[in-house]
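# Remarks on the overall topology
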Amino acid sequence: MVTQAQLGEYKRGQQQIDRLVKRDVRQLWDALGAIEPDRKRDLLVDMVPGLVNSYGPIAATLAAEFFADTVLLEPTVPVIDSTEAVQKSTRAVIGGLWTGQEAKARERLVESIVRHTRQHGRTTIRESVGRTGGRVRYARILSYGSKKGPCAWCRMLASRGAVYWSEITAGGLDDWHDSDNCDAVAVRSPEDFPAGVPGYDDIVVHPETKAWMPREMFDEYSSVHEYLDTDKQVAAKMREKYGYT
Ligand SMILES: [Zn+2]
(Lines give C-alpha, C1' and ligand atoms only; values in the text may rest on other atoms or scores of the structure.)
Protein backbone atom coordinates (compact mmCIF):
# COMPACT_ATOMS: atom_id res chain seq x y z
CA MET A 1 0.00 0.00 0.00
CA VAL A 2 1.23 3.45 -0.92
CA THR A 3 0.67 5.26 2.36
CA GLN A 4 -0.52 8.81 2.72
CA ALA A 5 2.80 9.62 4.34
CA GLN A 6 4.79 8.24 1.40
CA LEU A 7 2.71 10.04 -1.21
CA GLY A 8 2.77 13.24 0.84
CA GLU A 9 6.53 13.13 1.20
CA TYR A 10 6.93 12.49 -2.52
CA LYS A 11 4.69 15.42 -3.39
CA ARG A 12 6.53 17.74 -1.01
CA GLY A 13 9.83 16.76 -2.57
CA GLN A 14 8.46 17.47 -6.02
CA GLN A 15 7.13 20.83 -4.91
CA GLN A 16 10.55 21.83 -3.65
CA ILE A 17 12.01 21.04 -7.05
CA ASP A 18 9.11 22.88 -8.74
CA ARG A 19 9.89 25.98 -6.70
CA LEU A 20 13.53 26.00 -7.77
CA VAL A 21 12.61 25.46 -11.41
CA LYS A 22 10.03 28.25 -11.32
CA ARG A 23 12.47 30.61 -9.65
CA ASP A 24 15.19 29.89 -12.19
CA VAL A 25 12.95 30.24 -15.24
CA ARG A 26 11.59 33.56 -13.98
CA GLN A 27 15.05 34.83 -13.10
CA LEU A 28 16.40 33.89 -16.49
CA TRP A 29 13.46 35.48 -18.27
CA ASP A 30 13.76 38.69 -16.31
CA ALA A 31 17.55 38.82 -16.63
CA LEU A 32 17.24 38.75 -20.41
CA GLY A 33 15.20 41.93 -20.08
CA ALA A 34 13.18 43.78 -22.69
CA ILE A 35 15.04 42.72 -25.78
CA GLU A 36 13.75 42.07 -29.24
CA PRO A 37 11.34 39.04 -29.17
CA ASP A 38 13.21 36.97 -31.75
CA ARG A 39 16.44 37.45 -29.84
CA LYS A 40 14.78 36.58 -26.54
CA ARG A 41 13.30 33.42 -28.05
CA ASP A 42 16.70 32.32 -29.34
CA LEU A 43 18.33 32.83 -25.96
CA LEU A 44 15.54 31.05 -24.11
CA VAL A 45 15.65 28.12 -26.53
CA ASP A 46 19.40 27.95 -25.88
CA MET A 47 19.32 28.22 -22.13
CA VAL A 48 16.08 26.76 -20.79
CA PRO A 49 16.82 23.09 -21.64
CA GLY A 50 19.81 23.27 -19.29
CA LEU A 51 17.49 23.91 -16.37
CA VAL A 52 15.48 20.77 -17.11
CA ASN A 53 18.62 18.73 -17.66
CA SER A 54 19.87 19.90 -14.24
CA TYR A 55 16.72 19.57 -12.16
CA GLY A 56 15.24 16.59 -14.02
CA PRO A 57 17.74 14.08 -12.60
CA ILE A 58 16.89 15.32 -9.10
CA ALA A 59 13.20 14.65 -9.83
CA ALA A 60 14.22 11.24 -11.19
CA THR A 61 16.16 10.38 -8.04
CA LEU A 62 13.22 11.38 -5.89
CA ALA A 63 10.90 9.19 -7.97
CA ALA A 64 13.33 6.28 -7.75
CA GLU A 65 13.28 6.52 -3.95
CA PHE A 66 9.50 6.70 -3.97
CA PHE A 67 9.32 3.59 -6.17
CA ALA A 68 11.72 1.67 -3.94
CA ASP A 69 9.89 2.71 -0.77
CA THR A 70 6.43 1.83 -2.05
CA VAL A 71 6.89 -1.45 -3.93
CA LEU A 72 10.16 -2.59 -2.33
CA LEU A 73 11.88 -3.30 -5.64
CA GLU A 74 15.01 -1.93 -7.25
CA PRO A 75 14.27 1.23 -9.28
CA THR A 76 15.74 2.15 -12.65
CA VAL A 77 16.83 5.73 -13.27
CA PRO A 78 16.80 6.39 -17.00
CA VAL A 79 19.17 8.88 -18.57
CA ILE A 80 17.02 11.47 -20.31
CA ASP A 81 18.06 14.37 -22.49
CA SER A 82 15.15 16.80 -22.56
CA THR A 83 16.80 19.34 -24.86
CA GLU A 84 14.73 18.81 -27.98
CA ALA A 85 11.40 18.46 -26.23
CA VAL A 86 12.05 21.56 -24.14
CA GLN A 87 13.11 23.60 -27.15
CA LYS A 88 9.94 22.63 -28.94
CA SER A 89 7.72 23.54 -25.98
CA THR A 90 9.57 26.80 -25.38
CA ARG A 91 8.87 27.93 -28.92
CA ALA A 92 5.25 26.85 -28.60
CA VAL A 93 4.35 28.71 -25.40
CA ILE A 94 6.08 32.09 -25.67
CA GLY A 95 3.95 33.61 -28.43
CA GLY A 96 2.95 36.35 -25.99
CA LEU A 97 6.38 37.91 -26.53
CA TRP A 98 5.17 39.18 -29.90
CA THR A 99 1.74 40.32 -28.74
CA GLY A 100 2.59 42.37 -25.67
CA GLN A 101 1.65 39.58 -23.27
CA GLU A 102 5.06 39.03 -21.84
CA ALA A 103 3.93 38.14 -18.28
CA LYS A 104 1.56 35.49 -19.61
CA ALA A 105 4.26 34.07 -21.87
CA ARG A 106 6.65 33.84 -18.94
CA GLU A 107 4.16 31.94 -16.77
CA ARG A 108 3.27 29.56 -19.58
CA LEU A 109 6.96 28.81 -19.96
CA VAL A 110 7.28 28.29 -16.20
CA GLU A 111 4.47 25.71 -16.21
CA SER A 112 5.86 23.97 -19.27
CA ILE A 113 9.32 23.68 -17.74
CA VAL A 114 7.88 22.32 -14.51
CA ARG A 115 6.11 19.64 -16.56
CA HIS A 116 9.30 18.70 -18.41
CA THR A 117 11.20 18.46 -15.13
CA ARG A 118 8.50 16.31 -13.52
CA GLN A 119 8.55 14.08 -16.59
CA HIS A 120 11.95 12.81 -15.47
CA GLY A 121 10.27 11.48 -12.33
CA ARG A 122 7.28 10.07 -14.16
CA THR A 123 9.52 8.36 -16.72
CA THR A 124 11.56 6.90 -13.87
CA ILE A 125 8.42 5.31 -12.43
CA ARG A 126 7.41 4.03 -15.87
CA GLU A 127 10.81 2.54 -16.65
CA SER A 128 11.14 1.07 -13.17
CA VAL A 129 7.77 -0.64 -13.62
CA GLY A 130 9.02 -1.96 -16.95
CA ARG A 131 12.06 -3.59 -15.36
CA THR A 132 10.08 -5.62 -12.84
CA GLY A 133 8.91 -8.21 -15.35
CA GLY A 134 5.23 -7.62 -14.68
CA ARG A 135 5.45 -7.73 -10.89
CA VAL A 136 4.03 -4.22 -10.56
CA ARG A 137 1.72 -2.05 -12.61
CA TYR A 138 1.66 1.62 -13.43
CA ALA A 139 -1.20 3.93 -12.46
CA ARG A 140 -2.06 7.58 -12.70
CA ILE A 141 -3.11 9.01 -9.36
CA LEU A 142 -5.25 12.12 -9.49
CA SER A 143 -4.24 15.19 -7.55
CA TYR A 144 -6.74 17.18 -5.55
CA GLY A 145 -4.19 19.87 -4.78
CA SER A 146 -5.82 22.63 -6.81
CA LYS A 147 -9.19 24.18 -6.00
CA LYS A 148 -10.71 23.04 -9.27
CA GLY A 149 -9.71 19.42 -8.67
CA PRO A 150 -8.49 17.07 -11.37
CA CYS A 151 -9.58 17.88 -14.91
CA ALA A 152 -11.78 15.71 -17.13
CA TRP A 153 -8.79 14.64 -19.22
CA CYS A 154 -6.90 13.35 -16.18
CA ARG A 155 -10.01 11.62 -14.81
CA MET A 156 -10.53 9.92 -18.15
CA LEU A 157 -6.94 8.66 -18.12
CA ALA A 158 -7.13 7.66 -14.46
CA SER A 159 -10.20 5.55 -15.23
CA ARG A 160 -7.88 3.09 -16.98
CA GLY A 161 -6.52 2.14 -13.62
CA ALA A 162 -3.31 0.21 -13.15
CA VAL A 163 -1.84 -1.28 -16.29
CA TYR A 164 1.17 -3.30 -17.28
CA TRP A 165 4.15 -1.45 -18.62
CA SER A 166 3.49 -2.75 -22.16
CA GLU A 167 0.03 -1.16 -22.06
CA ILE A 168 1.26 2.37 -21.42
CA THR A 169 0.82 3.86 -24.85
CA ALA A 170 2.01 7.19 -26.14
CA GLY A 171 -0.73 9.74 -25.61
CA GLY A 172 -2.22 7.42 -23.04
CA LEU A 173 -1.34 6.99 -19.42
CA ASP A 174 2.04 8.68 -19.63
CA ASP A 175 0.63 11.91 -21.00
CA TRP A 176 0.68 14.96 -18.78
CA HIS A 177 -0.42 18.52 -19.34
CA ASP A 178 1.10 21.71 -17.99
CA SER A 179 0.05 22.48 -14.39
CA ASP A 180 -0.79 18.80 -13.96
CA ASN A 181 -0.21 17.66 -10.39
CA CYS A 182 -1.22 14.04 -10.89
CA ASP A 183 1.34 11.38 -10.07
CA ALA A 184 2.63 8.21 -11.66
CA VAL A 185 2.82 5.43 -9.09
CA ALA A 186 3.59 1.72 -9.10
CA VAL A 187 1.20 -0.74 -7.47
CA ARG A 188 1.54 -4.44 -6.73
CA SER A 189 -2.13 -5.29 -6.19
CA PRO A 190 -5.59 -3.68 -6.22
CA GLU A 191 -5.11 -3.07 -2.48
CA ASP A 192 -1.92 -1.15 -3.15
CA PHE A 193 -3.42 2.10 -4.47
CA PRO A 194 -2.60 5.13 -2.34
CA ALA A 195 -4.59 5.53 0.82
CA GLY A 196 -6.58 8.67 1.40
CA VAL A 197 -6.86 9.87 -2.20
CA PRO A 198 -10.52 10.38 -3.21
CA GLY A 199 -11.71 7.84 -5.78
CA TYR A 200 -9.16 5.13 -5.01
CA ASP A 201 -10.82 3.39 -2.09
CA ASP A 202 -12.85 1.07 -4.33
CA ILE A 203 -10.85 -0.76 -7.01
CA VAL A 204 -12.57 -3.16 -9.37
CA VAL A 205 -10.94 -5.78 -11.56
CA HIS A 206 -12.17 -5.44 -15.13
CA PRO A 207 -13.83 -8.73 -16.14
CA GLU A 208 -12.14 -8.87 -19.56
CA THR A 209 -8.93 -6.88 -19.44
CA LYS A 210 -8.21 -7.72 -15.76
CA ALA A 211 -7.13 -4.11 -15.29
CA TRP A 212 -7.44 -2.74 -11.76
CA MET A 213 -9.74 0.25 -12.04
CA PRO A 214 -10.86 2.91 -9.60
CA ARG A 215 -14.62 2.38 -9.66
CA GLU A 216 -15.57 6.05 -9.39
CA MET A 217 -13.60 7.12 -12.46
CA PHE A 218 -14.44 3.96 -14.37
CA ASP A 219 -18.18 4.47 -13.76
CA GLU A 220 -17.97 8.05 -15.01
CA TYR A 221 -16.11 6.90 -18.08
CA SER A 222 -18.57 4.10 -18.76
CA SER A 223 -21.57 6.38 -18.34
CA VAL A 224 -20.52 8.63 -21.22
CA HIS A 225 -18.41 6.43 -23.46
CA GLU A 226 -19.91 5.35 -26.78
CA TYR A 227 -18.51 3.01 -29.38
CA LEU A 228 -15.67 4.59 -31.41
CA ASP A 229 -15.41 7.65 -29.18
CA THR A 230 -11.92 9.12 -29.10
CA ASP A 231 -10.29 9.94 -25.77
CA LYS A 232 -10.91 13.62 -26.41
CA GLN A 233 -14.59 13.02 -27.03
CA VAL A 234 -14.93 11.03 -23.82
CA ALA A 235 -13.16 13.73 -21.82
CA ALA A 236 -15.42 16.39 -23.37
CA LYS A 237 -18.51 14.41 -22.37
CA MET A 238 -17.20 13.96 -18.82
CA ARG A 239 -16.56 17.70 -18.67
CA GLU A 240 -20.09 18.38 -19.82
CA LYS A 241 -21.83 15.84 -17.60
CA TYR A 242 -19.85 16.29 -14.39
CA GLY A 243 -18.70 19.89 -14.67
CA TYR A 244 -14.97 19.17 -14.60
CA THR A 245 -12.51 21.64 -16.04
ZN1 LIG B 1 -3.71 15.53 -13.94
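Residues numbered from 1 in each chain as written. Predicted model: local features only at pLDDT ≥ 70, side-chain atom pairs only at ≥ 80, totals over all residues. Heavy atoms only, no water.

### What about the domain arrangement of the protein?
When the parts of a complex come together, some accessible area is lost, and that lost area is often taken as the interface size. Taken domain by domain, the protein holds domain 1 (4-130) and domain 2 (137-242). Here the C-alpha centre of domain 2 lies 23 Å away from the C-alpha centre of domain 1. Joining domain 1 to domain 2, the criterion identifies three salt bridges. At the boundary of domain 1 and domain 2, one finds 11 residue pairs in polar contact (both at pLDDT 80 or more). Elements that contribute at least two residues to the side of domain 1 that touches domain 2 include exactly helix H1 (4-32), helix H2 (37-71) and helix H4 (102-130). With 12 residues, H4 is the single largest residue contributor to the side of domain 1 that touches domain 2. (Domains from an automatic or database assignment. Salt bridge = Lys/Arg side-chain N within 4 Å of Asp/Glu carboxyl O. Polar contact = N/O pair within 3.5 Å; in protein donor to acceptor, adjacent residues only side chain to side chain. Helix = DSSP H or I, 4+ residues; strand = E, 2+ residues; numbered from the N terminus.)

### Some thoughts on the packing of H2 against helix H3 (residues 83-93)
When two helices pack together, their arrangement is given by the angle between the helix axes and the distance between those axes. Two elements in contact, H2 and H3, have axes separated by 9 Å at closest approach and are oriented at 130°. As summarised for this structure, H2 and H3 are arranged oblique, according to the angle between their axes. You can see that H2 and H3 cross each other, and the crossing is right-handed. Here Leu44, Val45, Val48, Pro49, Val52 and Asn53 of H2 lie close against H3, whose contacting residues are Thr83, Val86, Gln87, Thr90 and Arg91. Of the residues that constitute the contact of H2 with H3, the class distribution is six nonpolar, four polar and one charged. (Axes fitted to C-alpha atoms, helices over the stretch in contact; angles between N-to-C directions. Parallel < 35°, antiparallel > 145°, perpendicular 65-115°, else oblique. Left-handed = near helix turned anticlockwise from the far one by under 90°. Contact = heavy atoms within 4.5 Å. Nonpolar A, V, L, I, M, F, W, Y, C, P; charged D, E, K, R; others polar.)

### Quick look at the environment of Tyr10
Tracing the sequence through the fold places Tyr10 in helix H1. Taking the relative accessible area as the measure of exposure, Tyr10 reaches 4% and is therefore buried. Not counting the four nearest positions on each side in its chain, Tyr10 is found in contact with Leu62, Ala63, Phe66, Gly121 and Asp183. (Buried < 20%, exposed > 50% of the residue type's maximum accessible area, 1.4 Å probe, protein only.)

### Focus on the coordination of the zinc ion
Within the protein, Cys154 (SG), Asp180 (OD) and Cys182 (SG) serve as the donor atoms for the zinc ion, at 2.0 to 2.2 Å. Linear spacing of the donor residues for the zinc ion on their chain is C-x25-D-x1-C. Its relative accessible area of 4% is what places Asp180 among the buried residues. (Donors = N, O, S within 2.8 Å, 3.2 Å for Na, K, Ca; no water.)

### As for the packing of aromatic side chains
Under the criterion given, the structure shown has three aromatic pairs. Considering the side-chain rings of Phe193 and Tyr200, the 5.9 Å spacing of their centres and the 20° angle between planes classify their relative orientation as stacked. Between the aromatic rings of Tyr242 and Tyr244, the centroid separation amounts to 5.8 Å while the plane-to-plane angle is 25°, which identifies the pairing as stacked. In this structure, Arg122 packs its charged tip against the face of Trp176, placed 4.1 Å from the ring centre. Positioned over the ring face of Tyr164 is Arg137, at 4.4 Å from the centre of the ring. (Phe/Tyr/Trp six-rings, centres within 6.5 Å; stacked < 30°, edge-to-face > 60°. Lys NZ or Arg CZ within 6 Å of the ring centre and 35° of its normal.)

### Quick look at the layout of surface pockets
In this approach, a probe sized like a water molecule rolls over the atoms, and the result shows the empty space that is left. Roughly 260 Å³ of volume is contained in the largest pocket. What lines the largest pocket is a set of 14 residues, and nearest its centre among them are Ser146, Gly149, Cys151, His177 and Ser179. When grouped by side-chain class, the residues that make up the lining of the largest pocket number four nonpolar, seven polar and three charged. (1 Å grid on protein atoms, 1.4 Å probe; cavity = no way out; pocket = protein on both sides within 12 Å on 5 of 7 lines; lining within 4 Å. Points joined across faces, edges and corners; volume = space filled by probe spheres on them.)

### Describing empty space enclosed by the protein
Tallied over the entire structure, the rule returns one cavity of 30 Å³ or more. Computed from the structure, the largest cavity encloses a volume of approximately 60 Å³. Mapped by element, the contributors of at least two residues to the lining of the largest cavity are H1, H2 and H4. The greatest single-element share of the lining of the largest cavity, amounting to four residues, is contributed by H1. Grouping the amino acids of the lining of the largest cavity by side-chain chemistry returns four nonpolar, three polar and two charged.

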